[in-house]
Amino acid sequence: MASNSSSTAQQRLRIIAGHLQKRPGDENTSVAAHECKAETPRSNPSSSVTPVPKRRQEIMKWNGWGYSDSRFLYNKKGQAEFTGKRYRLSGLILPSLKDWMEGTFGATLQHKSPATPTLNLSAVAPPNLNEPFIEDLKAAAVALSHDPEDRVFRAHGHCLHEIFALREGKIGRVPDMVVWPTCHSDVEKIVELACKHNVCLIPYGGGTSVSSALECPHEETRSIVSLDTSQMNRILWIDDKNLTAHVEAGIIGQDLERQLNDRGYCTGHEPDSMEFSSLGGWVATRASGMKKNVYGNIEDLVVHIKMVTPRGVIEKSCLGPRMSTGPDIHHFIMGSEGTLGVVTEVTMKIRPIPEYQKYGSVVFPNFQQGVACLREVARQRCAPASIRLMDNEQFQFGHALKPQVSSIFTSFLDGLKKFYITKFKGFDPHHLCVATLLFEGDRGRVLQHEKQVYDIAAKFGGLAAGEDNGQRGYMLTFVIAYLRDLGMDYYVIGESFETSVPWDRVLDLCRNVKERIVRECKERGVQFPPLSTCRVTQTYDAGACVYFYFAFNYRGLSDPVHVYEQVEHAAREEILANGGSLSHHHGVGKLRKEWMKESVSSVGLGMLKSVKEYVDPQNIFGNRNLL
Amino acid sequence: VSSESGDSAECVAEEASLILDEMAHRLQLSTVRFFAFTLSKAFKRLFRSVCVNEEGIQRLQQAVQEHPVVLLPSHRSYMDFLMMSYLLYMYDLPLPVIAAGMDFMSMKFIGEMLRMSGAFFIRRSFGGDKLYWAVFSEYVKTMLRNGYAPIEFFLEGTRSRTCKSLTPKTGLLNIVMEPFFKGELFDVNLVPVSISYERILEESLYARELLGVPKPKESTSGLLKARRVLSEDYGSMHVYFGHPVSVRSLAEGKINRSQYNLLPRHIPQKPRIDTHEFLNEAAFRLVRIQEENMVLKPWVLIATLLLQNPDGLDLSSLTEQTDWLRHLALAFGAFLDWPDHETCSEVISSSLALHRHLLSVSAGNVQLSVTDAPQVETTPEEAVFHRAVIVLSCASYRNQILHVFLRPALLAVAMQSANSNRKDDIYNCFNFLRNMFSNEFILCPGDSVQDFEEACYLLMKCGVLQVLEQEIVMSASGHSTLTFLCSVLDPFLQGYQVVCRYLCEETNENLTEREFIPAVRNFTLNLILAGRLKCYEALSSDLQKNALAALLRLKAVRKVKVGDQVTLKVNKIAVNSLEDTLGGKIPTQKPILARL
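About the criteria used
- Residues numbered from 1 in each chain as written.
- Chains lettered and ligands numbered in written order.
- Predicted model: local features only at pLDDT ≥ 70, side-chain atom pairs only at ≥ 80, totals over all residues.
- Heavy atoms only, no water.
- UniProt positions renumbered as here; feature names shortened; annotations may be inferred.
- Helix = DSSP H or I, 4+ residues; strand = E, 2+ residues; numbered from the N terminus.
- Polar contact = N/O pair within 3.5 Å; in protein donor to acceptor, adjacent residues only side chain to side chain.
- Phe/Tyr/Trp six-rings, centres within 6.5 Å; stacked < 30°, edge-to-face > 60°.
- Buried < 20%, exposed > 50% of the residue type's maximum accessible area, 1.4 Å probe, protein only.
- Lys NZ or Arg CZ within 6 Å of the ring centre and 35° of its normal.
- Pairing = 2+ DSSP bridges.
- Contact = heavy atoms within 4.5 Å.
- Axes fitted to C-alpha atoms, helices over the stretch in contact; angles between N-to-C directions.
- Salt bridge = Lys/Arg side-chain N within 4 Å of Asp/Glu carboxyl O.
- Core = buried A, V, L, I, M, F, W, Y, C linked by side-chain atoms within 4.5 Å.
- Buried area = accessible area lost by both parts, 1.4 Å probe.

- By the naming in an unreviewed UniProt entry, chain B is Phospholipid/glycerol acyltransferase domain-containing protein, taken from Cirrhinus molitorella.
- What UniProt states about chain B under its Subcellular location (unreviewed entry) heading is, verbatim, "Membrane".
- Under Sequence similarities (unreviewed entry), UniProt gives the following word-for-word description of chain B: "Belongs to the GPAT/DAPAT family."

- An unreviewed UniProt entry lists chain A under the name Alkylglycerone-phosphate synthase, with Cirrhinus molitorella as the source organism.
- Listed under Cofactor (unreviewed entry) in UniProt, the entry text for chain A is "FAD".
- A UniProt comment under Sequence similarities (unreviewed entry) is attached to chain A, and it reads "Belongs to the FAD-binding oxidoreductase/transferase type 4 family."

Here it is in structure tokens:
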């Protein structure tokens, strides 16, 4: 008992210490996690106020990724720079980006393809309103809007075709109105009224979907209501004894993390979209975070889910860590992609903030060696919080994002490093690839762990290549979506897609899919060689998650988006033919629906359909994803 | 494998390494150089010229850089793979590793030499031996995956004794395609190669073999004895490298590669039925490409005409008819190598000179005849035998062009026997014949409508036929062409009829499979001696085997296993009616098929 209570006391002490350490605005003294993360906004003047306003368009782009103040552009000198103040890269000049864009895509400054600057409100069809529904909503005091800007903002995710259409000023079917519930009971009322008046509800969290999940179905004739969860963003309670937190599902990743950090905790769930994506969205798509090796994917993190369906509320009766009560009902909810109801509250695991965090990187002579190393790391089950292996093209891509170096000494050092690796060690700069690492834990263990991983890497010809390279690798994933907007200003379109695959097929799949992309582009008349690159981004016991970037210069094509879609389709067929899965964490949406039957068998699909039929016979949640 | 056989794993490993030793190639450049040197000498002695399509070589060069390459030459002679390696060596391409029959290995010294120049040896039959199959396919796949050398093997499995393409085998084809199916390779390029000889080294050897003289075992001393051939003139030789065929594009929409997702890839999987069908179809297509790219010499045309006129032709009418046939062949898309600047008669006389041992020219009359046979008085049987050797040798040249005339000829025969102008009657006949002969010729399974339309189109183009909505009508000028086409197939029709007649008349209840060939041969011989049959080609064991295979396929004959022996059970009614149909006695075969 005594030891027990003393450890509890110690724990409390540590939490309090954590509080003290983490005074807001006092950046330099905060833990490493904050210091070295490019993705976390630098300052958040008002952390008590919700950072996602109802009118999102006030701080975010209506036709591109992220915050309005942050974007890549070529300045007057023709150098690439990243604007704003939010990111580590903000305000910096990126001298090699322009050359990289020219070299990789043939995209030059002369050929511009600017976007429509403002939303043409007359292009938005007038809303198809269900007046009795609105009256009842007003009576229940739920905030709502049918302002065209609000509606357009919630009509899309971030698929290439969606953003491309917006940039061209083309607006398709958009929701007829937007509602903002502020709590679970609001949602219950809304769903009840929707059933009563037979309107179609589409839940909207962060709007970062890349599976056409938010597109309004063309065949839908009822009034479509976008249910924006952003105002349900409170942490309702934190349980220090069980290390769980009960959170409203509309909270977005960075707010959740920040607020937990203030209390000395974190969830450790960091998907690349965490700046904007919401907890409910993670649950609805079976999300995965980059640090899943320590914290687990969303299905490992979630303890309890509350979801409002047309049939009523579904939840478990206790917070037990595991149950044998038939098939886990959570697994009907996770991955349901908004077809069954709205996730309103989630109890999830939290962890104390790690004491120490360290980035790292390893250079391998080629991709094969790198994959072999990752496989060995997975075999020994000693993967760091994150381990990713980028191929050569992505490695060069990362280099293009190096900011201007301030001193001659650093550039000299860089030159020396390069010389050592390519000349002395004989690595071919066109084959070498890099693994980026992130270690977390207490200091002693991290250092020990680091040594173990580097020892394994050495067996596969890997050379440690410093923290800086590792950190830049992670930064890439947060700015890549901004970079796509720059590309689209200069005739370059592209996107990413992912899969999971058994270890023995990783290399074959990567090679075949990349080659298929190149070949399909050629056959479809793309004038410039495409960028077709991949990284192994997660490791598991039995396989890995592979992430592809694909982009090309579309100058000379009459219907570039169609070509893009055909190539992506072919690439997905190739993935499936090579033993890859339909999706690791992006979900199915409407984009990949056609392969669902093949993926889960027709009986499997029938099971899912019958669940949908029972839970939502009127098809109130009519976004038509998945099934 | 080890768990299945119950042996210890070590045992299996040991056995596997033995198999590997037996199989593996050891490519050594010095040996290759030695071969290249001697071969270039030998080839210069043997052939007047070796023609290679240079653009094919360039295509190959490119293909080798893109994806692993599998070379699929036609197989007419031992020369084939020597020539292939030699050519690739001369053109500075990576040397192929070649799947060769086991019997070469037993040749002392030469076996090792071949091994060192890139051959690896496989047993001719290993249907039941799982370990052998596993080791072998893994060996081939590893070579393919590592991609350092093209693999070469013969789709037909063995040398064609008749110069007709043989029904392709799919086993090896499956092995080389599997790395693609399983995603281990992005693609595999199959390059069909057609090798044609103006005169085949083994020509009379083959004819004798077909007549029942056993194939001499490959041996070093045999090779030394064969030196004699060096002093003879074998004309020119053509090697045509076809367009690379991508397995990926062949399989597109036909093979669902995700079927391989659920089993670890190192575990061998039997091809499923649809895969098997695909393999078969692909193999037929490849052999068809080989056929189409086969360069034909004028002699082939002459041989065709001489066979149709056993009593000989005078030189002028031979010239005239050859010229006519030449135009017909060209109209049908034959790949004819006709010298540019020579008159027709010059071309013919030089062809005749090259093949003088097969014919006699007296007083302007050209005739197939025995020239180098012993002049001593012979028994009638021996005379027939010698005559048959000549005819079969000559037939092997005609066979080279059969694929050009085949479809129109089937149509011509169908029209003749259908006794009606209605399109569906003719099609039924055509289909019956096609079905009957699908062991004899390369007829892609399931392509029957296509073949029919192709035949109609070709004959219409030449003004032989008019194809109307419901009818097919012969045009006024078409008679001679149709007659010619019918007589192209005549030897085969007669041959099959003889086999049928034999089965009906002669068979005792317990005819074993092994006794079949000699018995048919005797039966045929007697028919010829009695003057009731003029067709010497019916003596060919190849034709007899194919006829039997067709009858088995049509279920007119059944195989019954009794102890060690396989006996043939004949459904006499069915065979009899087939014979009648072949003879054109009964116009449509529909009721007959019903009776089967």
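Having seen it, we continue.
**As for the UniProt feature "site: Important for enzyme activity" (unreviewed entry) in chain A**
Residue and element names in this part refer to chain A.
Here's step 1: The UniProt entry lists R388 under the feature "site: Important for enzyme activity" (unreviewed entry), expressed in the numbering used here.
Here's step 2: Relative to the elements of secondary structure, R388 occurs in strand β16 (residues 386–390).
Here's step 3: At a separation of 3.2 Å, a polar atom in the side chain of R388 contacts the side chain of D272.

**Here's the deal with the packing of aromatic side chains**
Here's step 1: Under the defined criterion, the tally for this structure stands at 32 aromatic pairs over all chains.
Here's step 2: Between the aromatic rings of B:F332 and B:F405, the centroid separation amounts to 5.9 Å while the plane-to-plane angle is 70 degrees, which identifies the pairing as edge-to-face. Placement of the pair is B:F332 in the loop between α14 (315–331) and α15 (344–354) and B:F405 in helix α16 (residues 380–418), with a sequence separation of 73 residues. Summarising the burial analysis for this pair, B:F332 and B:F405 share the class buried.
Here's step 3: Members of the aromatic cluster, each reached through a chain of ring pairs, are A:W100, A:F105, A:F397, A:Y547 and A:Y549.
Here's step 4: For A:R86, the ring lying beneath its charged end belongs to A:Y67, and the centroid distance is 3.5 Å.
Here's step 5: One cation-aromatic arrangement involves A:R443 over A:Y356; the distance from NZ or CZ to the ring centre is 4.8 Å.

**Comments concerning the sheet that holds strand β3 (residues 93–94) of chain A**
Residue and element names in this part refer to chain A.
Here's step 1: Reading across from one edge, β1-β2-β3 is the order of the three strands in this open sheet, with antiparallel pairing throughout. Edge strands, defined here as strands with exactly one partner in the open sheet, are β1 (72–74) and β3.
Here's step 2: Two elements, strand β2 (residues 80–82) and β3, share two bridges in a ladder whose sense is antiparallel. Across the sheet, E81 pairs through a bridge with I93, a residue of β3.
Here's step 3: Packed onto the sheet, helix α17 (residues 466–489) meets β1 and β2 and runs at close to 40 degrees relative to β1.

**Some remarks on the side chain of B:D542**
Residues and elements named next belong to chain B.
Here's step 1: With respect to the element layout, D542 can be found in helix α21 (residues 541–553).
Here's step 2: Its relative accessible area of 17% is what places D542 among the buried residues.
Here's step 3: What D542 contacts, discounting residues up to four positions off in sequence, is T162, K164, L210 and E440.

**Side note on the pattern of salt bridges**
Pairs can form between side chains of opposite charge whenever their charged atoms are close.
Here's step 1: For the coordinates displayed, the defined rule picks out 59 salt bridges over all chains.
Here's step 2: Between B:R265 and A:D508 there is a salt bridge, with the nearest N and O atoms lying 2.9 Å from each other. On the criterion of chain membership, the pair formed by B:R265 in the loop between α11 (247–251) and α12 (273–292) and A:D508 in helix α18 (residues 506–523) is interchain, its members lying in two chains.
Here's step 3: Assessed through its relative accessible area of 11%, A:D508 is described here as buried.
Here's step 4: Between A:R592 and A:E568 there is a salt bridge, with its nearest N and O atoms 4.0 Å apart. Here the residue A:R592 occupies a position in the loop between α19 (560–577) and α20 (596–615), and A:E568 occupies one in helix α19, the gap between them amounting to 24 residues. A:E568 shares its class with A:R592; the two are buried.
Here's step 5: Residues joined in a network through salt bridges with shared partners are A:R516, A:E520, A:R524, A:E574, B:R248 and B:R257.

**Observations regarding the nonpolar core**
Here's step 1: In this structure, B:F241, B:W299, B:F405, B:L411 and B:F516 are the most contacted members of the largest nonpolar core, which totals 140 residues.
Here's step 2: Grouped together as the second largest cluster of nonpolar side chains are 61 residues, A:V124, A:V174, A:L374 and A:V506 included.

**Comments concerning the interface of chain B and chain A**
Here's step 1: Every contact between the two is made by 14 residues of chain B and, on the other side, 14 residues of chain A.
Here's step 2: Both faces combined, the contact of chain B with chain A buries some 1200 Å², and carbon together with sulfur accounts for 32% of it.
Here's step 3: In this structure, the connection of chain B to chain A is made through five salt bridges.
Here's step 4: The salt bridge involving A:E574 is made with B:R257; its shortest N-O contact spans 3.0 Å.

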